Amino acid sequence: MAYSGGPDSTALLHALAQLPAARARGLRALHVDHGLHAESAAWAEQCRRFCSDLGVDCDVVRVQVETQRGEGVEAAARHARYAAFVAQVRDGELLLMAHHRDDQAETVLLKLLRGAGPEGMGGMRERRTLGRGELWRPLLGTVTRAQLRDYIASHGLACIDDPTNSDTRLARNHLRHDILPRLAAHWPQAVDSILHSAALSRAAADTLRSEWLTAYATLHDDANGCLDATGWLTLAPALREPLLAHWLHGRGLTAPTTAQRAQIERQCGARAGQLPCIRWPGVELHVWKGRLWARIPRPAVAAGWQATWQGELLVLPDGGKLSLEPPSRLPFALSVRMRSGGERIKPAGDRHTRELRALFQSGAVPPWQRDACPLLYEGEKLIAVADRWLGERAETLFGQVGVRLRWQPAG
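Rules used in this analysis
- Sequence positions are assigned chain by chain, starting from 1 and proceeding in written order.
- Where local features are concerned, this predicted model is filtered to residues with pLDDT of at least 70; where side-chain atom pairs are given and counted, the filter is 80 or more; whole-chain, interface and lining totals use all residues.
- The side-chain numbers reported here are obtained from all heavy atoms of the structure, hydrogens and water having been left aside.
- Numbering of helices and strands runs from the N terminus; a helix is a DSSP stretch of H or I covering at least four residues, while a strand is a stretch of E covering at least two.
- Buried, partly exposed and exposed residues are distinguished by accessible area as a fraction of the type maximum, computed with a 1.4 Å probe on protein chains only: under 20%, between the cut-offs, and over 50%, respectively.
- Contact between two residues is taken to exist if any of their heavy atoms lie within 4.5 Å; hydrogens are not considered.
- Under this rule, positive means Lys or Arg and negative means Asp or Glu; His and the chain ends count for nothing.
- We put the charge of a Lys on NZ, of an Arg on CZ, of an Asp on CG and of a Glu on CD.
- Whether two strands pair depends on DSSP finding at least two bridges between them.
- Each salt bridge in this description consists of a side-chain nitrogen of Lys or Arg and a carboxyl oxygen of Asp or Glu lying within 4 Å of one another.
- Between the first and last residue of a helix there are one fewer steps than residues, each counted as 1.5 Å, and that sum is the expected span.
- Note on bend: at a given residue it equals the angle between the axes fitted to the 7 residues ending there and to the 7 starting there.
- Two N or O atoms form a polar contact when they lie within 3.5 Å of each other; inside protein one atom must be a possible hydrogen donor and the other a possible acceptor, and for residues adjacent in sequence the pair counts only when both atoms belong to side chains.
- Lines fitted to the C-alpha atoms define the axes, with helices restricted to the stretch that makes contact. Angles between their N-to-C directions range from 0 to 180 degrees.
- The labels follow the angle: roughly parallel below 35 degrees, roughly antiparallel above 145, roughly perpendicular from 65 to 115, and oblique for the rest.
- Left-handed describes a crossing whose near helix is turned anticlockwise from the far helix through less than a right angle; right-handed describes the clockwise counterpart.
- The classification used treats Ala, Val, Leu, Ile, Met, Phe, Trp, Tyr, Cys and Pro as nonpolar, Asp, Glu, Lys and Arg as charged, and all other residues, Gly among them, as polar.

A. Seen up close, the overall build of the chain. A count of helical and extended segments in the chain gives 15 helices and 19 strands. Taken over the C-alpha atoms alone, the chain extends approximately 85 × 50 × 35 Å along its principal axes. Per-residue burial over the chain gives 44% buried out of 411 residues. The contacts of the chain with a sequence gap of at least 6 include a subset with a gap of at least 24, amounting to 63%. Put simply, the chain has 51 plus and 44 minus side-chain charges, and the middle of one group is 5 Å from the middle of the other.

Laid out in structure tokens, this is it:
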């Protein structure tokens, strides 16, 4: 059970604890401490006490919420939370969440306002794969927020009151506290109607899914994770949108808005030599050599960066890695640097000295990797360009030790 300590998850966990069948299946609680509120540690302890009173094991996982990707705090916290869920779910285990009918209505409205298609408008799925197990939202189509609050009151259960849930500056809270009550005042069946539309959208999305999954198998390059831009663009819009979202989500990235997707479509026709890049919070999507490439934005490498290296695993400024295979330590020290411009090397077996710019182009090194490509120097002499081009001196040095270079670009 994903247990935040709030009213909804408290009600569901308490109800599950009353079921012998749930206990027989190994009922346990999982609380994620995001560390974003001064009281978060106290909340985690409150969850432990509540579970102890129920006789249910409670695992508390502290996560680091990364906001450097350009996302809002809400999105970053959600990524951290679901990463913890994936890591904690055991083989064949069901992770239950307490999302209910009102949560679903809010989700569908948010998706509508963001221009989503059938997949987004279908709202949250009741069940889906999660890591080694499944995620299950048993209350999604049947139970309301009011019913859960009545359950809490009737059993006198203590709950955590997270003040951010009342902050109407946040989009979901604004819908919950301001917009939906007004809709319900004029249209008492508003939630029922929204959920009915969501069910129709989900059915349409499931029908389309088999088609775009077939197309995805053809368009996706498993070796490097890119997507055939031309093939994607020729798909019908109803297939194009969910396929793109599926590809991005598989890489741990968020899907674009309608306007951003339209920009991607326009840039797919860019002329040779142009290097379009479309950005949104937490994502940078490149159109290069007729393919789509997506990655987490990386910080710019500081000018003049360098490191002394003797073969140990070296984490580069952009998150890439330089190492030796098999792991070893060199009897000599080399200097690792980044491009500053104008570098040249004579690759082993080549009669000519080459400019790095020309090598990168002929070697199909993606433009976003070039400034973060590690250059190895012996003194002031460039002897290797990562593991892509080695001079005769580098081949001799690494051959004597019996190792080879390995560069893992970031992402």
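B. Fine view of the sheet that holds strand E11 (residues 314-315). Pairing within the open sheet is antiparallel, and its three strands lie in the order E11-E12-E19. Strands with a single pairing partner mark the edges of an open sheet, and in this sheet they are E11 and strand E19 (404-408). Sheet topology places strand E12 (residues 321-325) next to E19; five bridges connect them, and they run antiparallel. In the sheet register, Ser-323 faces E19, and the bridge partner there is Arg-406.

C. Seen up close, the pattern of salt bridges. Counted according to the given criterion, the structure contains 31 salt bridges. Residue Asp-103 is joined to Arg-145 by a salt bridge in which the shortest nitrogen-to-oxygen separation is 3.3 Å. Taken as a pair, Asp-103 in helix H5 (residues 101-113) and Arg-145 in helix H7 (residues 145-155) lie far apart in primary sequence, 42 residues in all. In this structure, Arg-125 and Asp-206 form a salt bridge, with 3.0 Å as the shortest nitrogen-oxygen distance.

D. Inspection of helix H9 (residues 190-219) at higher detail. With 30 residues, H9 ought to run about 44 Å at 1.5 Å a step, and its terminal C-alpha atoms sit 40 Å apart, in line with that. By the largest-angle criterion, Arg-209 marks the main kink of H9, which is about 35°. Within the sequence span of H9, burial applies to Ala-190, Ile-194, Leu-195, Ala-198, Ser-201, Arg-202, Ala-205, Leu-208, Trp-212, Ala-215, Tyr-216 and Leu-219. Contact partners of the buried residues in H9: H5, helix H6 (118-121), helix H8 (171-186), strand E6 (227-228), helix H10 (229-233) and helix H11 (237-250).

E. Layout of the pairing of strand E10 (residues 306-309). Side-chain alternation along E10 places Ala-307 and Trp-309 on a buried face and Gln-306 and Thr-308 on a face that remains uncovered. Pairing analysis gives four bridges linking E10 to strand E13 (residues 334-337), with the strands arranged antiparallel. Bridge assignment links Ala-307 to a residue of E13, and that residue is Val-336.

F. Local environment of the side chain of Asp-33. Along the chain, Asp-33 falls in strand E1 (residues 28-33). At 3.0 Å, the side chain of Asp-33 and the side chain of Ser-40 are in polar contact. Once residues lying within four places of it in the same chain are set aside, the contact partners of Asp-33 are Ser-40, Ala-41, Ala-44, Val-60, Val-61, Arg-62 and Val-63.

G. Just the sheet that holds E6, in detail. Pairing in this open sheet of four strands is antiparallel, and the strands run E6-E9-E8-E7 from one edge to the other. Every interior strand has two partners, whereas the edge strands, E6 and strand E7 (277-280), have only one. Of the strand pairs in this sheet, E6 and strand E9 (residues 291-295) are connected by two bridges, and their pairing is antiparallel. Note that in E9 the partner of Asp-228 across the bridge is Arg-291.

H. Structural context of the packing of H9 against H11. Direction vectors running N to C along H9 and H11 enclose 60°, while the axes themselves pass 9 Å from each other. On the basis of their axis angle, the class for H9 and H11 is oblique. In this structure, H9 meets H11 at a crossing whose hand is right-handed. Residue-level inspection shows Leu-208, Glu-211, Trp-212, Leu-213, Ala-215, Tyr-216 and Leu-219 of H9 in contact with H11, the latter providing Ala-238, Leu-239, Pro-242, Leu-243, His-246 and Trp-247. Of the residues belonging to the contact of H9 with H11, the class tally is 11 nonpolar, one polar and one charged.

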